[in-house]
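Secondary and tertiary structure notes
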Amino acid sequence: NIVRDPARNTVETNPALAYAAWRNNAYRCGKKVEVLATYTPRLIQLGEWWKQLYGESEGKGGKALLPTSVCLTTDLHSLGQYLQDGERMLIETVIDVVGAASLPIPEAKGWDDGMGHLSNRELHAVNRTVTQAALSAHAEGGVSCLRLEVPALDERTIGALIYFFEYACGVSAYMLGVNPFDQPGVEAYKRNMKQLLG
């Protein structure tokens, strides 16, 4: 819910401004990387878009957090390990989806894998438990974490997330003192490519 009344557009009332301020404060305190973490493969492409948005908009003049993303349903045992115990140079932004279509976990008859207690539970509920457990562990391990709670994965929510990140990115870039609407690094490689290709 982005506040449209400029008189009430503050860090306290506008979550995009709060996010921009949080990440800039982390950068000023020496953090170098921001990890956007999702727990559903349906958000992987949003993470790819987010990296492009922040990398191209802020990565200028030797400034900005390096944007990277993970899908912790698949990366939890690899990159999740790094988030938990690696160098404390990063912050983590987690997209937590409250409601999603889900299926019950089928009963595994004849299996003795110690996971039978999950039978008939909704997969999304189990996934949210994993999200909360990992987020708590990362925070307890010294990672500065921010949780963005979204109600569902539908067109309205994805559109709102895109608007949220675009708004926050513009504000964040200006807080860094860079123009979010140019791309001098990209232009440099294009010039070189044109010369090399004749």
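In what follows, the structure referred to is the one given above.
A brief report on the enclosed structure follows. Residue positions within a chain follow its written sequence, with the count starting from 1. Confidence filtering applies because this is a predicted model: local features only for residues at pLDDT of at least 70, side-chain atom pairs given and counted only at 80 or more, and all residues used for totals across whole chains, interfaces and linings. To obtain the side-chain values, all non-hydrogen atoms of the structure were used and water was disregarded.

1. Examining the layout of surface pockets
Computed from the structure, the second largest pocket encloses a volume of approximately 280 Å³. We place a 1 Å grid over just the protein atoms. Points where a 1.4 Å probe fits but has no way out form a cavity, open points with protein on both sides within 12 Å along at least 5 of 7 lines form a pocket, and any residue with an atom within 4 Å of a point lines it. In terms of lining residues, the second largest pocket is bounded by 18 residues, among which T40, A100, A101, H124 and N127 are the most central. Numbering of helices and strands starts at the N terminus; helices are DSSP runs of H or I of at least 4 residues and strands are runs of E of at least 2. Counting only elements with at least two residues in the lining of the second largest pocket, the list comes to β3 (90-97) and α4 (123-140). No other element matches α4, which puts five residues into the lining of the second largest pocket. The nonpolar class holds Ala, Val, Leu, Ile, Met, Phe, Trp, Tyr, Cys and Pro. Asp, Glu, Lys and Arg form the charged class, and all remaining residues, Gly among them, are polar. Among the residues making up the lining of the second largest pocket, the classes are represented as nine nonpolar, six polar and three charged. Grid points are joined across faces, edges and corners, and a volume is the space filled by probe spheres set on the points.

2. Description of the sheet that holds strand β4 (residues 144-150)
The criterion for strand pairing is that DSSP finds at least two bridges linking the strands in question. The strand order across the open sheet formed by four strands is β2-β1-β3-β4, and the pairing between neighbours is parallel. On the outer flanks of this sheet lie β2 (66-71) and β4, each paired with one strand and no other. Mean inter-strand twist for the sheet, computed between neighbouring axes without regard to direction, equals 20°. Two residues form a contact once any of their heavy atoms are found within 4.5 Å. Throughout, an axis means a line fitted to C-alpha atoms (over the contacting stretch in the case of helices), and angles, computed between N-to-C directions, take values from 0 to 180 degrees. In the packing of α4 onto the sheet, the strands contacted are β3 and β4, and the crossing angle to β3 comes to about 160°.

3. A few points about the nonpolar core
Take the buried Ala, Val, Leu, Ile, Met, Phe, Trp, Tyr and Cys residues and link them wherever side-chain atoms come within 4.5 Å; each set so joined is a nonpolar core. Working definition: with a 1.4 Å probe on protein chains only, accessible area under 20% of the residue-type maximum means buried, over 50% means exposed, and in between means partly exposed. In this structure, Y19, Y54, I95 and F165 are the most contacted members of the largest nonpolar core, which totals 22 residues. Sorting the residues of this core by element identifies α1 (15-28), α2 (44-58), β3, β4 and α5 (155-176) as the ones contributing at least two each. When residues in this core are grouped by element, the largest group, five residues, is from α5. Among all residues touching Y54, those that are not within four sequence positions of it are Y19, R23, G59, P67, F165, A168 and C169. By size, the runner-up hydrophobic cluster in this structure holds 12 residues, among which are V35, V70, A134 and V143.

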